[in-house]
Every structure is written in C-alpha cells, then in structure tokens.
Amino acid sequence: MNKKFQENLISNAIRIAGSSSIIFILLIFLFLLREGLPALTEVAPKDLFNTRWYPIEGLFGLLPLLSGSLIVTVFSILIALPLGVGTAIYIGEIAPRRVNEILKPTIEILAGIPSVVLGFIGILVLSPFMRETFNLPTGLTAFTGAFLLALISIPTIVSIAEDALYAVPKTYRDAAYALGASQWQVIWGVVVPAARTGILTAVMLGVGRSLGETMAVMMVTGNAPTMFSGLNSFISPIRTMTATIASEMGEVASGSTHYHVLFFIGILLFIFSLIINVSSANSIKKRTAKSRAQVVS
Amino acid sequence: MKAANDLDWGNPTLNKKTIQALGFTLLRLISLLTVLPILGIVVYIAVKGGSSISWEFLTAMPRDGMRAGGILPAIVGTFYLMLGTAAFSIPLGLAAGIYLSEYSNDNSWTRLLRIAIISLAGVPSVVYGLFGLGLFVLFFKFGISILSASLTLSIMTLPVIISTTEEAMRSVPYQFRIVGVSLGGTQWQTIRKLILPQALPGIITGIILGLERAVGETAPILFTGATFFLPRLPSSPMDATMALPYHIFVISTQVPGMPIQIQYGTVLVLMVFVLGMNLAASLIRSRARARRQW
C-alpha cells in the first residue's frame, strides 16, 4: 500500500513537472500580451507603421527597427549559408575522421562563445577594420553586425544540415555509385538534393538565431534607427528590434507608453520565432519519419 | 557499360575528375574559412587577456569606478546565477525528460508539449528578459535580484536539459525496463535504480551545456538581476548582482577610459568559465561512450 502510494505520488509529480513547458510558453505569451497590448490603444496603429523611432518626442514608428533587423538577418544568412552548409557537407561527406576530430569540437566552441564576447571582438577588431577598409566615419555598421550574426548562426546551421545529410539513406549513394558517378557527383547530384528540406530547415533556424540575437548586434551596429535606403545601408549604422528593447528598457518607467511599445516589439519577436521554430520542427519530424521508412523498405 | 559513364551528371564538357577536385577544394576552403575566425578569436583573447590575469584580478574588489582592482564580485555573481539556475532547471528539466521518455504516450497532449519545448528553445533571449521583468520582477515583486534572474535563466535553459535527458533515457535499451519490472520493481524503481544510472552521463552533459549557455547570457539578466556596480558581494537571493557577461558589456561600451587590459582580462575569465564547462561536457560524454557495455 505504502509502495503504491509512493509510486503514485512520484509519477503524478513527474507528470505535472513534465508538462510545465506548456505552462511556461503560455505564461511568456500572456505576460508579453499583458504588458505589450496597451501599446495599441496608446499609439495609433498607423503611427506604429511610421518611419521615425524617436520615443522622447512620442514617435514610435517601428519600421526602422523592422528594417534594421531585416537587413542584418538577410545579410548574415548570405554569409552563413554557404559557410555553414559547405562546412556541413565537408564534415559529413568528405573530411577524413582525423580532420573531423578537430572541426567538430571547434564549431562546438563557437556555439559556446557568449555573444557579448563576440560583440567585444567586434568593437575591438572588426569595427576598426571596417572603418579603415571602407573609409567610413564609423565602423559600427549593419555589415559588422551581420558578420557577427553569421558566426552565431553557423553552429546551428552546420549541426542541423549535417543531420539532414546523415539522414539520406545509404541506398541512394550506392545506386548513384553503381551508375558510375564520382563522389562529387553523388554529393552534389544526389545527397544534397535529397537533404534539401533539412538544409532549408537549418537555414530557417539560422534565421531564427540571427533575428533573436541581441548583445552582439547591439554592441556593433551603432544603434541608429534608420530606414533601409539602398546598398549604402549595409555600411551605415542601423538598429534592430532586439537592440532597441535591450538598450531602452532599463531607462523607461514601467507602465509608460514607451514601456508598452517595447513589450509590443517583444510580442512581434516572439511570434516571428514561434513561426520559424514550429514550422522547422514539423519539417524535421516529417523528414526523419520518411527517411526511416525509406531505410526499412 | 558505356552508357553509365556517359550519363549527364552536370556539365558534360568538363572532366568529371576536374570538377570533383575543384568541388573538394572549394569545400575545404569554406571549412577553413569557418574554422579560422573561431580559432583566431580564442587565441586572440587568450594572448591579449593572459597578462591581465593575476591573483589580485581574480580575488579583489574593483577600485576607482571599476578602472582598477579585481573583478571578484562579477565572478561570484556569475557563480551564484549558475547555482540558482541549476536549482530550478535541473529538477524540472529532469522530470520533464523522464516524463517524455518513460510516461508519455504519443497523443495530442504530448505533441503539444513537444511544440511548447521547441518554442521555448526558440524564444529570443531578450524576450526572456522582458518576460522575467514582467513576471518575476514586477508581478511577483522579487525585484531586480538573483532570484528573478535565476528563474528567468532557468526557463531559458529548460529545453536543453529536457531534450538531452529524454535522449539519454531513450538510448538505454528497452530490456533494462523489462528486467526491472520482472524483478518485481515498480516503474519508478526501475527508472531510478536501472535506467537513470545508465543515462546519467548523457544527462550531466546536457545539464552542463544548458548551464554553459545560461552563464554566458546577458540579455535575460539585463532587467532582471544584473547591476553594474556592487561595493560588496551579494548576501541574499533578493540582492542584485554583478555578472561577468553584463560586466563585459558595460565596460566595453558604457565606461569611457576603461583600461583595455581589464576588458581583455574579464573576457578571458568568462571564456575560461564557459569553455571549461564545454570541455567538461565533452570529456564526460566521451568517457561514458568508451565505458558503455551495451
């Protein structure tokens, strides 16, 4: 009786604790809504879609911040996509084991470097380099941020893309080799196309990392809320949504309009990340189930 | 046989071997380009920061508005935050991982739970900061404190601990469970006495990796627990605290005339902290793999 009682107690405790993640994600959304939705009544929606972010004068146009986040994210992925996917292909398909024993831990190290450290390096090394190379008034630019974001999203891209390549059934490769294909033709013509959904997922999650990253971007992009204005924007200071929250939240009075708008930006970030992660999770699940079925049959 | 070699795999005018050689060289270059900046950063910080590290730097309080003396309060603060995060996230994460691996069925509730975990893993760190401010600092009135910051970091760390625990539990062969129950053990006894010990190295690795991320984060503690200057060490969980990542952010962007050596030294200390945990995790993982008998 006692044993049964104890067993029930423990299994119920595990069940409750086990489901806590659902409660937490709901709580996060609830509190963002609670503090962020008043922004919609205090600032007219059309003023939120304005091109001026100047809270001191009551101007809360979010477009420059959306534009800033978009510029650095797109540019960081343009750098991280070839590097990340290329490295994943090299690790998964070509590199000898001894090389991988160095490559893989090195990329794990990158995943562990705190973003504030990358920001620090950005300020000290990358930004002066940018200023001198392009002869700019300041080296704190969108490109400087994009470069750091690329470093931050590379570990994610490499590990998911590597899994995707690994999940391609051996029979595909064997069939291509039997037809006389070279190793390169197998990789480029068979394995990579077969893994494309997974590679796309890897890139999506990389976008998620870039979009949500805060400290490194805040430290090196100059934090000027400007709109996208052609190619010049890449070498000008910009400001992202995340950096705006991080740099301004400490100075606003809780309950003010500015405070509510910062939470509203948080709601937008939360929704973006939710869409990216849930849709990637679905494609990962489908792919592994499918490839397992293919291996078995 | 001729047909096989003439198959059109791409550009037929270039020799198959030349293309392969070019392709491989390209991928080698790409991998090198990816790895070099990483090694460069680590070596750069080790070299530049090495000379700042002294016994005084590690164990003394700061002086002259942070421009001299040591960084003891930031090191201790980071340590407290790690302990606080561990205290909340390990029990919850373990329970959730065990639940997913041993108790859950493949029903819609479990699928919802998995979506929740994936979503938690993707929430931007600064949004965790906002949430911690809204719930712990203001709603529960814990204030800017170690408690609020640890709770915020715990929820952020949870998905890592849950998924590594689940994976480690699932990798224990099913026979262990059959043996446990057939010896008259209850499900919990089987889990605790047979499966958990086998899964432990994997779980510990996951916990260390989760805490490693928490220790290096700045954005979640910006408005929940971090403070730039504390003339003494925090004495209770309700105190605000200094922390290495936040300290690096402030001294490299907000304080004019900050001696560069203190900046490099602080960065090096955080890197040693974080990469040491990384190393410990890989050592535990590889030793457990070597010892495993199934």
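All values derive from a computational prediction rather than experimental measurement. (Residues numbered from 1 in each chain as written. Chains lettered and ligands numbered in written order. Predicted model: local features only at pLDDT ≥ 70, side-chain atom pairs only at ≥ 80, totals over all residues.)

Trainee: Looking at this structure, I do not really get the overall build of chain A. What am I missing?
Mentor: In terms of regular secondary structure, chain A is built from 14 helices and 2 strands. Its C-alpha atoms give chain A principal-axis dimensions of roughly 75 × 70 × 35 Å. Sorting the 297 residues of chain A into buried and exposed places 49% on the buried side. Here the contacts in chain A between residues at least 6 apart in sequence split such that 75% fall between residues at least 24 apart. (Helix = DSSP H or I, 4+ residues; strand = E, 2+ residues; numbered from the N terminus. Buried ≥ 20, exposed ≤ 12 C-beta atoms within 10 Å, placed from the backbone. Contact = placed C-beta atoms within 7 Å.)

Trainee: Can you help me understand the overall build of chain B in this one?
Mentor: When helices and strands are counted, chain B shows 12 helices and 2 strands. For chain B, the succession of helices and strands along the chain, N to C, is α-α-α-β-β-α-α-α-α-α-α-α-α-α. Taken over C-alpha atoms, the radius of gyration comes to 25 Å for chain B, far larger than the 19 Å a tight globule of 294 residues would show. Here the C-alpha coordinates of chain B stretch approximately 80 × 65 × 35 Å along the principal axes. Every one of the 294 residues in chain B was classed for burial, and the buried ones make up 47%. In chain B, the share of contacts with a sequence separation of at least 24, taken over all contacts with a separation of at least 6, comes to 76%. (Rg over C-alpha atoms; globule rule 2.2 N^0.38 Å.)

Trainee: Help me understand the interface of chain B and chain A in this model?
Mentor: Interface size is commonly expressed as the accessible area that is lost once the parts come together. In this assembly, 74 residues from chain B lie in contact with 74 residues from chain A. If one sorts the elements of the side of chain B that touches chain A by residue count, helix H2 (residues 16-50) of chain B sits on top with 18 residues. Its residues assigned to classes, the side of chain B that touches chain A comprises 52 nonpolar, 18 polar and 4 charged. (Nonpolar A, V, L, I, M, F, W, Y, C, P; charged D, E, K, R; others polar.)

Trainee: Quick question: what am I supposed to make of helix H10 (residues 183-194) of chain A here?
Mentor: Count 3.6 residues to each turn of an α-helix, and residues three or four apart come out pointing the same way. The terminal C-alpha atoms of H10 of chain A lie 15 Å apart, and with 12 residues this matches the ideal 16 Å at 1.5 Å per residue to within 8%. Looking only at H10 of chain A, the buried set comprises Trp184, Gln185, Val186, Ile187, Val191 and Ala194 of chain A. Against the buried residues of H10 of chain A lie helix H5 (63-94), helix H8 (142-166) and helix H9 (170-178) of chain A together with H2 of chain B. (Expected span 1.5 Å × (residues − 1).)

Trainee: What is the right way to read unusual backbone geometry from this model?
Mentor: Excluding glycine, a negative phi dihedral is what most residues carry, and trans is how most peptide bonds are arranged. Of note, the phi angle at asparagine 135 of chain A is positive, near 55°, even though the residue is not glycine. Looking at the secondary structure, you find asparagine 135 of chain A in the loop between helix H7 (115-134) and H8. The phi dihedral of lysine 141 of chain B is positive, around 55°, even though this residue is not glycine. For lysine 141 of chain B, the location among the structural elements is in the loop between helix H6 (125-139) and helix H7 (146-170). Its 8 C-beta neighbours within 10 Å are what place lysine 141 of chain B among the exposed residues.

Trainee: Looking at this model, I keep getting lost on the nonpolar core. Mind explaining?
Mentor: The nonpolar side chains of a soluble globular protein tend to be buried, and buried together. By size, the foremost hydrophobic cluster in this structure holds 173 residues, and its most contacted members are Val117 and Ala161 of chain A. At 16 residues, the largest contribution of residues to this core is made by H8 of chain A. Setting aside its immediate chain neighbours within four residues, valine 117 of chain A contacts Ile248, Val267, Leu270 and Met271 of chain B. (Core = buried A, V, L, I, M, F, W, Y, C linked by C-beta atoms within 7 Å.)

By themselves these figures say nothing about function.
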